[in-house]
Amino acid sequence: MKRLHTLLFLLALSLIHQTSLEAAERPKLIIFISIDQMKAEYLEWYRAEFSGGLKRITVEGTTFTNADLNYAPSETGPGHATLGTGAYPVHSGIVANEWIDPSSNAEVYCVSDSTAGMVNGEGGGVSPRNLLVTGLGDWLKKASPASKVYAASIKDRAAILMSGKRPDGAFWYSAKSGHMVTSSYYTKELPMWVQQFNAGGWPSRNVPDAWTKLRPDSIYTKYGPDDVEGEREWGNSRTFPHLIAPDKKNGVIASTPYGDRMTLDFARALVQAEKLGQRGVTDLLFISLSCTDYVGHAFGGNSHELIDNLLRLDRALGTFITDMELAAGGGNILFVLSADHAAMPLPEYRSKIEQKPARRVMVRDEIYPKIAGHDKQLQKELNTTEQIIRSNAFLNYAAAARAGVDSVTLEHKVRQGVMKIDGIADIVFRREILGGNGSGNRYLGYYQRGYHPPRGEDFIVRPCEYCLFTTSKTGTSHGTPYVYDTHVPIVFWGSGISVKQVARVVHTVDIAPTIARLLGIAPLSSVDGKVLKEIVR
Ligand SMILES: [Zn+2]
């Protein structure tokens, strides 16, 4: 009997070994990059223009061409938490960039932490305290305490939520000082190499006096005009060049391609100082590149600005990958690229240039007054002066109950009025999100996976497709469950990764468990993602 147990144990061990890499084969440096607001289509649309990192990883790696978030809201906080933890917002608790705490009615920023202090006089106020699960970085450090885990981004929420509960460090950008900063949650003092990086004054040294096009104009005009209605004005102009005043460089860096160059330079300094990938164990570096998001919000995915941003990013990533190969040794690197969400095209570009339906819906004129009107009508009907449809998507069930109207009837009445508002496709209530089975309404599943009840509102309104709900007359955004907001790239490149394109539908939540399986380590909290069999056999 004992012998049989031993045999079974040995068999189990050999199976584990078949599905994970031998220690010697494990990549020594994993670089997990999120390009904020990167639409999967960008790799297709602008493929012919890439010659650097974006070309290299897609030509030499495994690209999943039908990757989707599979939840909503498609925002930065949830996006990075999902990438780093393999858990949907329903479990990670990161349901939005900001949510309302129903018990206090206070707005909560996804990484806010009043107990996290400043470090070296800067940063502070943020940590992963609101993240309810562990992440890939935590799993790696548990299995291999000598491994180091770091994160860097322009955005605090991106660096913090990708790198889990206890990385060795997470750094983000302060537009006020032009420095990379952190919080006392991570360390009491900035490492010397960070202080040195900051002392170098990257923005003033490297941001030019004008953002101009990297390549000849003809490269860009193939894809459309520079001057498009709906683009945000830079100074008084929507077209290149975009002038940058010397005293504005710290602030404007994120809205230009130079912010990503700085983030990559910072990552270079990090790898060099901490000797990542050079110590015989597997180290993990999360990088979130934010500029595609800022440029995309302002100008849209078809703009010359977005194209130029990607051309420069492609070039910067090419050099970065080569430098990482030099640092850690070619063949020792696993490079993973994805995104936290995508975005809607600029509505004016889609409607006027592509001649397809799209609308800019000014919510303060077209939506809020109509909801307020419906609320007034409900007050009259229920014979109350109390607001029934409250701000931030909460309902006054108590006032309705006092008027003898139960919650199901109240929701029915709310739905009747809201569904008459032009621009709104649907409204789903907490009850449906918690209890519904999603069949017949494909978006209900998106909201269910994106909803954590203690942090959830009473209802969610879904705009009609290609209807941009906004308070701004320019720019675009994201947040819906529609494919234009949720279709993102997933690319694996490097050590042991074959060259192929995979067309089956996969999700960003699959990445973290896949890397864990590749390393032969186990998640420390439950994951929603599935191991991508095209990466780990
Ligand atoms: Zn984002």
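Before any of the text, the structure's been laid out above.
Let me sum up the structure you'll find in this document. Bear in mind the structure is a predicted one, so any value in this text is a computation, not a measurement. (Residues numbered from 1 in each chain as written. Predicted model: local features only at pLDDT ≥ 70, side-chain atom pairs only at ≥ 80, totals over all residues. Heavy atoms only, no water.)

### Things to note about the coordination of the zinc ion
This is how the line gets drawn: Only nitrogen, oxygen and sulfur atoms qualify as donors, and only when within 2.8 Å of the metal (3.2 Å in the case of Na, K and Ca); with water excluded, sites may look incomplete. For a four-donor site, all angles between 85 and 135 degrees give tetrahedral; for four or six donors, opposite pairs above 155 degrees with the remaining angles between 65 and 115 give square planar or octahedral; all remaining cases count as irregular. A run of H or I in DSSP counts as a helix once it spans at least four residues, and a run of E counts as a strand once it spans at least two, with each numbered from the N terminus. Each residue is placed in one exposure class: buried if its accessible area under a 1.4 Å probe, protein chains only, is under 20% of its type's maximum, exposed if it is over 50%, and partly exposed if it falls in between.
Looking at the metal site, the zinc ion is ligated by Asp-36 (OD), Thr-76 (OG1), Asp-340 (OD) and His-341 (NE2), spaced 2.0 to 2.2 Å from it. For the zinc ion, the 4 donor atoms in the first shell make angles of 94 to 138° at the metal, so the coordination geometry reads as irregular. Written as a sequence motif, the donor residues of the zinc ion are D-x39-T-x263-D-H. Of this pair, Asp-36 sits in the loop between β1 (29-35) and α2 (40-45) while Asp-340 sits in the loop between β11 (333-338) and α15 (347-353), and the two are 304 residues apart along the sequence. The same class applies to Asp-36 as to Asp-340, namely buried.

### Examining the state of the cysteines
Put plainly, a disulfide is one covalent bond tying together the sulfur atoms of two cysteines. Counted only if it meets this: Whenever a pair of cysteine sulfur atoms sits within 2.5 Å, that pair is classed as a disulfide.
Tallied over the full model, the rule gives 1 disulfide. Free of any disulfide, Cys-110 has its nearest neighbouring cysteine sulfur in Cys-291, separated by 19 Å.

### Structural notes on the sheet that holds strand β7 (residues 179-181)
Strand pairing within a sheet occurs via backbone hydrogen bonds; the two strands may be parallel or antiparallel. What counts here: Strand pairing is defined by DSSP finding a minimum of two bridges between the two strands. With axes taken as lines fitted to C-alpha atoms, and helix axes fitted only over the stretch in contact, angles between N-to-C directions fall between 0 and 180 degrees. For this analysis, residues touch if any pair of their heavy atoms sits within 4.5 Å.
The sheet built from 9 strands is open, its strands ordered β7-β6-β5-β10-β1-β11-β18-β2-β19 with mixed pairing. Only two strands of the sheet have a single neighbouring strand rather than two, namely β7 and β19 (500-507). Strand-to-strand, the axes of this sheet are offset by a mean angle of 20°, without reference to chain direction. Sheet topology note: the strand β2 (residues 62-68)/β19 ladder contains 6 bridges and is parallel. Bridging from a neighbouring strand, Asn-66 pairs with Val-505 of β19. Across the sheet, helix α12 (residues 258-274) lies against β5 (149-153), β6 (169-174), β7 and β10 (283-289), angled at about 165° from β10, the strand it touches most.

### Examining the packing of aromatic side chains
The criterion, for reference: Each pair of aromatic rings taken from Phe, Tyr and Trp, with Trp reduced to its six-membered ring, is defined by centres within 6.5 Å and is described as stacked if the planes are under 30 degrees apart, edge-to-face if over 60, and tilted in the remaining cases. Over a ring means this: the NZ of a Lys or the CZ of an Arg is within 6 Å of the ring centre and within 35 degrees of the ring normal.
Under the counting rule described, the total for this entry stands at 22 aromatic pairs. Arranged with centres 5.9 Å apart and planes meeting at 80°, the rings of Trp-45 and Tyr-46 form a pair that is edge-to-face. An aromatic cluster of at least three residues, connected via ring pairs, comprises Tyr-150, Phe-171, Trp-193, Phe-197 and Phe-266. When the ring centre of Tyr-185 is taken as origin, the NZ or CZ atom of Arg-166, which lies over that ring, is 4.0 Å away. Residue placement shows Arg-449 over the ring face of Tyr-446; its charged tip is 5.6 Å from the ring centre.

### A look at helix α21 (residues 442-449)
Among the residues making up α21, those that are buried are Tyr-443, Leu-444, Gly-445, Tyr-446 and Tyr-447. Where α21 is buried, its residues meet β2, β15 (424-429), α20 (430-435), β16 (459-463) and α22 (483-486).

### A look at the pattern of salt bridges
Keep this limit in mind: When a carboxyl oxygen of Asp or Glu lies within 4 Å of a side-chain nitrogen of Lys or Arg, that pair is called a salt bridge.
A complete count under the given rule lists 31 salt bridges for this structure. A salt bridge links Arg-47 to Glu-44, with the shortest nitrogen-to-oxygen separation between them at 3.0 Å. One salt bridge in this structure joins Arg-360 and Glu-348, with 2.6 Å as the shortest N-O distance. Of the two residues, Arg-360 is situated in strand β12 (residues 359-362) and Glu-348 in helix α15; the sequence distance between them amounts to 12 residues.

### Some remarks on the pairing of strand β3 (residues 98-101)
Direction of pairing for β3 relative to strand β4 (residues 106-109): antiparallel, over a ladder of 4 bridges. Within β4, the position partnered with Trp-99 by the bridge is Val-108. Linking two consecutive strands that pair antiparallel, namely β3 and β4, is a turn of 4 residues; a positive phi of about 65° is found at Asn-105 within it.

### Quick word on unusual backbone geometry
The amide bond that connects Ala-72 to the next residue, Pro-73, takes the cis arrangement and shows omega of 10°. Tracing the sequence through the fold places Pro-73 in the loop between β2 and α4 (76-85). Phi at Gln-355 takes a positive value of approximately 60°, unusual for a residue other than glycine. Here Gln-355 falls in the exposed class, since its relative accessible area comes to 65%.

### Things to note about the packing of α12 against helix α14 (residues 304-328)
This is how the line gets drawn: Any angle that is under 35 degrees is reported as roughly parallel, and any over 145 degrees as roughly antiparallel; angles of 65 to 115 degrees are reported as roughly perpendicular and all others as oblique. Three categories are distinguished: nonpolar for Ala, Val, Leu, Ile, Met, Phe, Trp, Tyr, Cys and Pro, charged for Asp, Glu, Lys and Arg, and polar for the others, with Gly belonging to the last.
Between α12 and α14, the least distance of the axes is 10 Å, while the angle of their chain directions is 5°. In terms of axis orientation, α12 runs roughly parallel to α14. Between α12 and α14, the residues in contact are Tyr-258, Asp-260, Arg-261, Leu-264, Ala-267, Arg-268 and Val-271 and Asn-309, Arg-312, Leu-313, Ala-316, Leu-317, Thr-319, Phe-320, Asp-323, Met-324 and Ala-327, respectively. In the contact of α12 with α14, the residues fall into 10 nonpolar, 2 polar and 5 charged.

### Regarding the environment of Ser-303
Tracing the chain through its elements places Ser-303 in the loop between α13 (291-299) and α14. Exposure remark for Ser-303: the relative accessible area of 2% places this residue in the buried category. When the C-alpha atoms of Ser-303 and Ser-525 are compared, they prove to be 41 Å apart, with 222 residues separating the residues in sequence.

### Focus on helix α3 (residues 53-60)
Within an α-helix, residues lying three or four positions from one another point in the same direction, as the helix has 3.6 residues per turn. Formally: Note that the arc is computed from the directions linking the helix axis to the C-beta atoms.
All buried positions along α3 are accounted for by Gly-53, Leu-54, Ile-57 and Thr-58. One side of α3 holds all its buried residues, which, seen down the axis, span an arc of 120°. Summarising the contacts, the buried residues of α3 are in contact with β1, α2, β2, α14, β11 and β18 (487-494).

### Side note on the packing of helix α17 (residues 368-381) against helix α19 (residues 407-418)
The test is simple: The hand of a helix crossing depends on one turn: near helix anticlockwise from the far one by less than a right angle means left-handed, and clockwise means right-handed.
Running from N to C, α17 and α19 point in directions that differ by 140°, and their axes come no closer than 10 Å. Taken as a pair, α17 and α19 cross one another with a handedness that is right-handed. Contact with α17, carried on its side by His-374, Leu-378 and Glu-381, involves Lys-413, Val-414, Gly-417 and Val-418 of α19 and no other residues of that element. Tallied by class, residues from the contact of α17 with α19 come to 3 nonpolar, 2 polar and 2 charged.

### Things to note about the pairing of β6
To keep it simple, the criterion reads: Viewed with both strands pointing away, a crossover whose connecting path from the first strand over the helix to the second turns clockwise is right-handed.
Of all 6 residues making up β6, 6 are buried, and the element is well covered by its neighbours. Pairing of β5 with β6, which is carried by 3 bridges, proceeds in the parallel orientation. Along β6, the bridge assignment pairs Ala-152 with Phe-171. Since β5 and β6 lie parallel, the crossover through helix α7 (residues 156-162) that links them has a hand, and here it is right-handed. Adjacent in sequence and paired antiparallel, β6 and β7 are bridged by 4 residues, among which Gly-178 carries a positive phi angle near 75°.

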